[in-house]
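The lines below spell out each chain.
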Amino acid sequence: MRSSPVWIPTLVLCVLSATGELPVTPPVPLDAPGPVLPTEVPPPEVPATVLLRLTIDRAGEVSQVEVRQSAGVAFDRAAMGAALRWRFQPARRGEEAIDVRVDVPVTFEPPVHGHHIEPVAPQPPSFSTTVRGASQAPPPVAVGDFHIPVGQLADVPRRSASDLMLLAPGVMLANHGGEGHAESIYIRGFDAGEGKDVELRLNGVPLNEVSHAHGHGYADTYFIIPELVESLRVTEGPYDPVQGDFGVAGTVEYQLGLARRGLTASLSTGSYAARRLSLLWGPPEASEATFVGLLLRQGHGFGPNRSYANAGIMAQVELRVGDESRLRLFGTSYGSRFASPGVVRETDVVDSRMPCAPDSDSQFFCSYDPNQGGAGQRHILSAELQSRLKRGGRFVQQGYVILRQTRIRDNFTGFLLDTTPPDGERQRGDNTEGYYRGSTMGLRGRYTPGLTLLGQPQPLELGYVARYDDVRTRSRRLRASGGVPYATVFDNQVRTTNLGAYASLRVAPLSWLTLRGGMRLDTFLFGVDDHNRPTEDRDGPRLPDESLEAYGFFASPRASAEIRLTPRLTWLTSAGLGARSSDAAALSDAELAPYARVASGETGLGWRLDGPLALEARGAFFATRVSQDFVFDETVGRNQPVGASQRLGAFVSARGTLQDRVDIQASLAWARATLPVPGASAWKLWDGTVMPYIPELLGRVDASLRGTTRVAGQQVDWNVALGHSAIGPRPLPLDRYSAPIFLFDVGTRARWKAVEVGLSVENLLDTRWRESEFNYVSNFRGPDAPPSLMATRHFTAGASRTFMGTLTLHLDLQEVSP
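Residues numbered from 1 in each chain as written. Predicted model: local features only at pLDDT ≥ 70, side-chain atom pairs only at ≥ 80, totals over all residues. Heavy atoms only, no water.

1. Things to note about the overall build of the protein chain
Of regular secondary structure, the protein chain possesses 3 helices and 53 strands. Its C-alpha atoms give the protein chain a radius of gyration of 29 Å, within 12% of the compact-globule value 28 Å for 818 residues. Summarising its shape, the C-alpha atoms of the protein chain cover approximately 105 × 60 × 50 Å along the three principal directions. Considering the protein chain as a whole, with its 818 residues, one finds that 52% of them fall into the buried category. Of the contacts made within the protein chain by residues no fewer than 6 positions apart, 68% connect residues no fewer than 24 positions apart. Total accessible area on the protein chain is roughly 34,900 Å²; 59% of this is exposed by carbon and sulfur atoms. (Helix = DSSP H or I, 4+ residues; strand = E, 2+ residues; numbered from the N terminus. Rg over C-alpha atoms; globule rule 2.2 N^0.38 Å. Buried < 20%, exposed > 50% of the residue type's maximum accessible area, 1.4 Å probe, protein only. Contact = heavy atoms within 4.5 Å. Areas by Shrake-Rupley, 256 points an atom, 1.4 Å probe, with all protein chains shown as cover.)

Shown next as structure tokens:
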């Protein structure tokens, strides 16, 4: 071994992350010997730079080294080997030592031309340090604006990335369609359906689908690989000018990243032939924004007609473009197929009339119609360029393309709706097929000038959105025997253009007061080709096709005031208007397209404590009024308009973390949603008929504990995790209420070196619970049975207790640990 012929020991440390607030004192080098190259490695002919990322712990030791920018295997190994011997005076916040990650460029210079350099003992390097500060989320625009790092709570058992939404208060998910069907989202007192009242995004790419056959705004998040979700931003209420179409109850954005470098392979198997394979790859020389993930899932499900199979891949790379710009390229491809049990009548289950074994469990999990289910495909490409401008400004541009197709079949009423079958035929059944295929192209951008106003840096943000959708949306009735279509409900080719712009301003006229305000403008142009018009009208025969266009426009102001009562306690009041665009299938030609308008206000407190024990707590009251709401209609299998609605509610949430050992989050939310009395004052938010299906009380706890022990002299890392959901009684039509639900999920894992084993149990107490519950008239006894005109309860059974065992291999490859 020999030292490198000439090594320029100039290392620039940039503090990239540390929990808490500034100021942060950077680490100071105490002992930093230079790198050593093997004798067989020739010196570089041109300068070679290795960019390392170091994790420096509270003792000043380098606990982990990763290569972010490679100069070749030999130089990488030499630089990494040297870095593991370095010792530092640890970084501090005040008097407290903290863990930090730093980027360190190590440059190897070629020998001076014409001169032979003998190996020399490495000299201690000189350091210059630049503190960038803590990696923190921007300040919230409302008490209900949550930036949620998943962190250690990823240990809690979850079926999919959709379940991560439960980390926000006042959220409940239900699914009557099976593994692969979009979740029905209940948030802030709204039955948001599968996305009609909540805007969903993935790394800035919109997921809501316009004029979907299963419901306007349908948004499936099942394709997202949970291990790649770094954080969520959940804004409950329309308080940020960035929020756009469908943001009636709020906005949920998934933000991706993979902290762990190297290859992680995980294989799981469990109850009901469930199998899951995930492969995650994070190049050691790249940042968390560069990754590849593959996920395969399949299983029989926990009862008849619940099988599923799906596969997806997600990949992203972050490239440096010059010194001040980064380009992120993202792509995902996903396909799934699933069976759906649909709903069952409570009376048929109680009387053991279901077509399954007569015991209570078999009846509870049984299904009527084996033709229910669906399939879907989704493909996304996105490119985002982030640029830092002179004088501290920032400019972000993103373009994306989405291709998707879905087909969903469900039957909520049995044999009730085919009241005019052809002569001599029986009712053909109420199975409904929703088909959707389309493409989306879009641009979005934002510009933050490098200004300072009243002591506030970068107070102004300007942004725009442009989105074009071209989709085919169709709904047909299917025969109970064979699933052949016999009637078309609607069949439309829809083209929609959404152009929007917003501006937001933040000022602090007083040291204890911060004001935020903004305005968003959106325009919509709709073009619809209706392929299901009658073939004859009053004037005689006609073609079954018709085209129409419509236009819509709305403006949405938003504002908030933040009062800093103490250094840790803040009072925040927010108000805003939002909107939901029209379903193009319901428009008329040359119509000024109507839209649903939401007005919302919120006030509450937030408290935060930083340090080794970090705590954050929030609580707020809110009120909301919507000009046009929707309620589930079993005859069409989707939500239908019912007029104006209103809500009163409150929530409290808290999260505490202790270093990397303990992470606990808990929330409790209450909301009352009503249909106002016609002609009543808009201020009487309490009066009116209670809206069905929306739970008034929701509670959630997520907790994870990690530790280290020694077994036979070997270090073993372990963790245990708990998730608990409490759902209060849900109102049903005709003054009925469902039973409350209490669910517990637990998981545990242990890791020795590169091998990790885990076990998770969902629904630990094996509760018999109803994931979705309704109250209406149906006839599932057969086409010849006389229909009952009496409404009765229908439900979709929730999952029984399920076990899942997991074996994981962590292959760090180029990563070096001490």
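2. Considering the pairing of strand 29 (residues 431-448)
Two elements, strand 28 (residues 394-410) and strand 29, share 17 bridges in a ladder whose sense is antiparallel. Bridge pairing links Y400 to G442 in strand 29. Pairing of strand 29 with strand 32 (residues 460-478), which is carried by 17 bridges, proceeds in the antiparallel orientation. Looking at strand 32, one finds that S439 is bridged to D470. (Pairing = 2+ DSSP bridges.)

3. Let's talk about the nonpolar core
Core analysis: the largest hydrophobic core is formed by 54 residues, its most contacted members being M165, L202, I224, V229, L232, Y254 and L256. In contact with L256, not counting residues within four places along its chain, are L202, N203, I224, L228, V229, E230, F291, M314 and F330. Ranked by size, the runner-up nonpolar core spans 31 residues in total, among them M172, M354, A673 and A799. (Core = buried A, V, L, I, M, F, W, Y, C linked by side-chain atoms within 4.5 Å.)

4. A closer look at the packing of aromatic side chains
Counting across every chain of the model gives 14 aromatic pairs. Here the aromatic rings of Y368 and F780 are separated by 4.2 Å at their centres, their planes lie at 5°, and the arrangement is stacked. Linking Y368 in the loop between helix 3 (360-364) and strand 27 (373-388) with F780 in the loop between strand 51 (770-776) and strand 52 (792-797), this pair joins segments that are 412 residues apart in sequence. On the basis of relative accessible area, Y368 is assigned to the buried category, the value being 18%. (Phe/Tyr/Trp six-rings, centres within 6.5 Å; stacked < 30°, edge-to-face > 60°.)

5. Some details on the environment of S681
Within the secondary structure, S681 is located in the loop between strand 43 (662-675) and strand 44 (689-690). Residue class for S681 comes out partly exposed when judged on its relative accessible area of 33%. Sequence separation between S681 and T347 is 334 residues; the distance between their C-alpha atoms is 41 Å.

6. Concerning the pairing of strand 41 (residues 613-633)
In this structure, strand 40 (residues 596-609) lies alongside strand 41, joined through 12 bridges in antiparallel fashion. Its bridge partner lying in strand 41, L605 is registered against G619. Linkage of strand 40 to strand 41, two consecutive antiparallel strands, is achieved through a turn of 3 residues, within which G611 is found at a positive phi near 140°. Note: strand 41 against strand 42 (residues 638-658), 19 bridges, orientation antiparallel. Opposite T624, over in strand 42, you have R647 as the bridge partner.

7. Focus: the state of the cysteines
For the structure shown, the criterion picks out 1 disulfide. The disulfide partner of C356 is C366, and the gap between their sulfur atoms is 1.9 Å. Torsion about the S-S bond of the C356 and C366 cystine: about 80°, corresponding to right-handed handedness. You can see C356 sitting in the loop between helix 2 (346-350) and helix 3 and its partner C366 sitting in the loop between helix 3 and strand 27, a full 10 residues away along the chain. Its relative accessible area of 26% is what places C356 among the partly exposed residues. (Disulfide = S-S within 2.5 Å.)

8. Examining the sheet that holds strand 14 (residues 171-174)
Reading across from one edge, 14-15-16 is the order of the 3 strands in this open sheet, with antiparallel pairing throughout. In the strand order of this sheet, the two ends are held by strand 14 and strand 16 (190-191), each with one partner. The pairing of strand 14 with strand 15 (residues 184-187) spans 4 bridges and is antiparallel. Residue pairing for strand 15: V171 is matched across the bridge by I187.

9. Let's talk about the side chain of S556
You can see S556 is positioned in strand 37 (residues 546-564). Residue classification places S556 among the buried residues on the basis of a relative accessible area of 1%. Looking at S556, its side chain comes within polar contact range of the side chain of R597, at 3.3 Å. Leaving out residues up to four positions away in the same chain, S556 has contacts with G518, M519, R520, L577, G578 and R597. (Polar contact = N/O pair within 3.5 Å; in protein donor to acceptor, adjacent residues only side chain to side chain.)

10. A few points about the pattern of salt bridges
Applying the stated criterion to the full structure yields 52 salt bridges. R580 is paired through a salt bridge with D197; the nearest N and O atoms lie 2.7 Å apart. With R580 in strand 38 (residues 569-580) and D197 in the loop between strand 16 and strand 17 (198-202), this residue pair connects regions lying 383 residues apart in the sequence. R580 sits in the buried class, given a relative accessible area of 3%. R749 is the partner of E756 in a salt bridge, and the nearest nitrogen-oxygen pair spans 3.1 Å. By relative accessible area, E756 is classed as buried at 9%. Given the relative accessible area of 30%, R749 is considered partly exposed. Among the charged side chains, a salt-bridge network with shared partners connects K196, D197, R580, D629 and R647. (Salt bridge = Lys/Arg side-chain N within 4 Å of Asp/Glu carboxyl O.)

11. Quick word on unusual backbone geometry
In this structure, R188 takes a positive phi of about 55° despite not being glycine. Mapping R188 onto the fold places it in the loop between strand 15 and strand 16.

12. Observations concerning the sheet that holds strand 18 (residues 205-206)
What the 5 strands build is an open sheet, ordered 13-19-20-17-18; its pairing is mixed. A single partner strand is all that each edge strand has here, and the edge strands are strand 13 (145-149) and strand 18. Bridge analysis of strand 17 against strand 18 gives 2 bridges, and the strand direction is antiparallel. Within strand 18, the position partnered with L202 by the bridge is V205.

13. Considerations on a nonpolar patch on the surface
Together, M519, L521, L525, Y551, F553 and L592 make up an exposed nonpolar region whose accessible area comes to about 590 Å². Counting residues per element, the ones that place at least two in the nonpolar patch are strand 34 (513-530) and strand 37. Looking at the nonpolar patch element by element, the count peaks at 3 residues for strand 34. The topology assignment puts F553 in strand 37. Its relative accessible area of 41% is what places F553 among the partly exposed residues. (Patch = residues over 30% accessible without salt bridge, like charges linked within 9 Å, V, L, I, M, F, W, Y side chains within 5 Å.)

14. A look at the confidence of the model for the protein chain
Scored by pLDDT, the protein chain has a mean of 87; 92% of the residues are at 70 or more. Throughout residues 113-136 the model reports pLDDT below 50, and contacts reaching past four residues in sequence, or to other chains, amount to 50 contacts. (pLDDT = per-residue confidence, 0-100.)

15. Observations regarding the side chain of D530
In this structure, D530 sits in strand 34. According to the relative accessible area criterion, D530 is buried, its value standing at 16%. A polar contact is formed between the side chain of D530 and the backbone nitrogen of N532, at a distance of 2.9 Å. With sequence-adjacent residues up to four places away left out, D530 is seen in contact with D491, N492, P544, D545 and E546.

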